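# Examination of the molecular architecture
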Amino acid sequence: LAMWIAVALLCCSALAGLPRAGGSCPSQCSCSFHSLSEGTKARTVLCNDPEMTLPPVNIPVDTTKLRIEKTAIRRVPGEAFHLLHNLEYLWMPYNSLASLSGITFKGLRRLQELRLDGNNLISFPWESLAGTPQLRLLDLHNNELTSIPPDAARYVKNITYLDLSSNKLMTLPQALIATWANLQAVPYFPNDNSKIILGLQDNPWVCDCSLYEMVHFLNFQSPNIAFIEPRLKCFTPRSLAGVFFSQVELRKCQSPVVHTSVAKVKTILGSTVLLRCGTTGVPIPELSWRRADGAQLNGTVHQEISSDGMSWSILGLPVVSYLDSGEYICKAKNFLGATEAFISLIITDSESTDDPNSNGKGTWNGKASGMEAAAYNDKLVARYVISASTVPTLGAGAGTGDSLLLPDVAQDSNPQNLLVSPTTSQQEPERMVRSVRVIGDTDQSITLAWKAPMAKNTTVFSVLYAVFGERDMRRINVEPGKTKVTVYGLLPKTKYIVCVCVKGLIPRKEQCIIFSTDEVFSAGGTQKLINVVVISVACVIAVPLTLVVCCGALKRRCKKCFVRKPKEIQESYVTFESLSPGAKAKGVEGEYLTRHTPDESNRLLSARSSVDSEAIPKIEGQPNEYFC
């Protein structure tokens, strides 16, 4: 009997703690009823005791609306609402909630509104919404949410009012944006013109590529989407702080791509090698170098970003040894992924680092096509620029014609992989030399001119020149303020490279040009050739004609000596035109075009070219001059 009494008491005490239909309100709470259709009533429970630290455990199961407001509750037990199957409205605003369990909303299949605004939630169990298929309103306003997982898009398809404003969100997942863009849900509020309400304002949005989809969604929103505050602003970066989304242009995120136009570099022992690696991507990927064998890098890394947005990393290996040979890996990485590229470095002890069939001296043979020749010229310019950077006393010394011996560097097939960035001082506007050009030349000298719009009158420029393909460069110091100089003592028919820079600085590739004195020499030779051709053509045409005429005259003279012909046959056989206004022969007055005897014809010819001029008899009067 005592045992049965103990069991009964335990059961009664257990039943006293369970929610009961039609039971009394929990302590620290108040209950109210409101009428529904068909004569039914709905129970509303309000708990707003500021000293309450946990939700009540004896909430009546017929409760349809539960309001727990302005309490000190920091945690909700997972089983607190499991038996409230009729609950449609759960309002818990302005408490001290810091977290929620994944099973907090289990069994609330009739839940339509969930208000959690004004708490300290740093995360939300989005997967728990799978058990609330009728949920239409979710209010997370004024919490501490820092991010939303991409999986949340699976659980908000039926929500037509979502307020995420006044949190610490910096971006939204693309999957969630796509869900909203394609959402065709039934509106929750009546008379809202079938629009879905979103609250996204007052968050520290980071306006970079990760926000591209969201900005595009807001600027070109669907007609069934409405925003509580449509004028969202950027918070970072600083350059875009306070700028409205409608005024920014963002780029879409892209995975990194590595660019290396050379896969293998050969160089001689003791030279300086520059390995260059470029990358594109949004956001700009981070570049790093390492060796494939895990050995430590024996060099320095320089980073730069070009005007076209490409990021470059240059690995400089000074005074290379055989230990530096091997595979070098350039890695580009951003939050979308990472890619790698390999460059093989080969160290030799031979002066020639090119193929055996190539020109050993590295000089241009003049047989390459236009683009090949241009590429070779860029390669040589890069060689000189980098070589000059290894000479610390480039700007030292005065006078004209100082000789600078430049060491060998790695012969890269692409000069873009060799060039280094100018020093910080060289990037100053007043030290920039532009538009180097040849304005006058002979076969032994040239006149150079350049532009330096920001240079001062005291700026001194240096001119470095050398025979194309050789290492020995000479220097000329130009007078202060001058932007033109003439270089003398050049060799005819020779290709040269010349660079102009501020004294003491390293010339950049665009400050160097390649010219040849064989162009002037060829111009003079061409003119001589033209003259020879013209004279030769004249001789070929005139000499045979003269010989034909002379031979005819000689033949007639011979016939005259041996055969006496009638007078009528001896009359003139050719017509001449008198060009000189002298006295005319007898019987021919008033005519400039007349007939003459063979002797007269001979005399006319011999007056210019006949070798028998001494045998020509004289006639009366002043002789006229005639031309055929």
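Residues numbered from 1 in each chain as written. Predicted model: local features only at pLDDT ≥ 70, side-chain atom pairs only at ≥ 80, totals over all residues. Heavy atoms only, no water.

Per UniProt, the protein has the following entry under Function (unreviewed entry): "Photoreceptor synaptic protein essential for normal vision. Involved in synapse formation in cone photoreceptor cells." (UniProt positions renumbered as here; feature names shortened; annotations may be inferred.)

Every buried residue belonging to helix H2 (residues 174–181) is among Leu176, Ile177, Thr179 and Trp180, and all of these are buried. The buried residues of H2 occupy an angular sector of 160 degrees when the element is viewed end-on, so they sit on one face. Residues of H2 that are buried sit in contact with strand S7 (161–163), strand S8 (196–199), helix H3 (212–219) and strand S9 (225–227). (Buried < 20%, exposed > 50% of the residue type's maximum accessible area, 1.4 Å probe, protein only. Helix = DSSP H or I, 4+ residues; strand = E, 2+ residues; numbered from the N terminus. Arc of directions from axis to C-beta. Contact = heavy atoms within 4.5 Å.)

What follows concerns the sheet that holds strand S10 (residues 254–259). Pairing within the open sheet is antiparallel, and its 4 strands lie in the order S10-S12-S15-S14. Pairing within the sheet leaves two strands with one partner each, and these edge strands are S10 and strand S14 (300–305). Averaged over all adjacent pairs, the angle separating strand axes in this sheet is 20 degrees, with direction ignored. Relative to strand S12 (residues 273–282), S10 runs antiparallel, the two being bridged by 4 bridges. When the sheet's bridge partners are listed, histidine 259 is paired in S12 with glycine 278. (Pairing = 2+ DSSP bridges. Axes fitted to C-alpha atoms, helices over the stretch in contact; angles between N-to-C directions.)

With that settled, the discussion passes to the confidence of the model for the protein. On average, residues of the protein carry a pLDDT of 74, and 66% of them reach 70 or more. Within the model, the stretch residues 12–21 combines pLDDT values under 50 with 13 contacts to residues more than four positions away or in other chains. Low pLDDT, under 50, characterises residues 384–430; the predicted model gives this stretch 133 contacts beyond four residues in sequence or across chains. (pLDDT = per-residue confidence, 0-100.)

Summed over all chains, the structure comprises 5 disulfides. A disulfide bridge connects cysteine 277 with cysteine 330, and the sulfur atoms are separated by 2.0 Å. Given an S-S torsion of about -85 degrees, the disulfide between cysteine 277 and cysteine 330 has left-handed geometry. Taken together, the residues cysteine 277 in strand S12 and cysteine 330 in strand S16 (residues 326–334) connect sequence positions 53 residues apart. Of the two residues examined, cysteine 277 and cysteine 330, each falls in the buried class. For the unlinked cysteine cysteine 501, the closest cysteine sulfur is that of cysteine 499, found at 7.5 Å. With a relative accessible area of 4%, cysteine 501 lands in the buried category. (Disulfide = S-S within 2.5 Å.)

To continue, consider the sheet that holds strand S17 (residues 337–348). Backbone-to-backbone hydrogen bonds join strands into a sheet, with any given pair of strands oriented parallel or antiparallel. Strands sit in the order S11-S17-S16-S13 across an open sheet of 4 strands; the sheet is mixed. Two strands in the sheet have a free side with no partner beyond their single neighbour: strand S11 (264–268) and strand S13 (286–291). Within the sheet, the average angular offset between the axes of one strand and its neighbour, ignoring direction, is 25 degrees. In the sheet, S16 pairs with S17 via 9 bridges, with the strands oriented antiparallel. When the bridges of S17 are listed, alanine 332 appears paired with threonine 339.

This next bit is on the packing of H2 against H3. Across the interface, H2 lies against H3 with an axial gap of 9 Å and an inter-helix angle of 20 degrees. Here H2 lies roughly parallel to H3, going by the angle between them. As for how H2 packs across H3, the hand of that crossing is left-handed. On the side of H2, the interface is formed by Gln174, Ile177, Trp180 and Ala181, while H3 contributes Glu213, Met214 and Phe217. Among the residues making up the contact of H2 with H3, the classes are represented as 5 nonpolar, 1 polar and 1 charged. (Parallel < 35°, antiparallel > 145°, perpendicular 65-115°, else oblique. Left-handed = near helix turned anticlockwise from the far one by under 90°. Nonpolar A, V, L, I, M, F, W, Y, C, P; charged D, E, K, R; others polar.)

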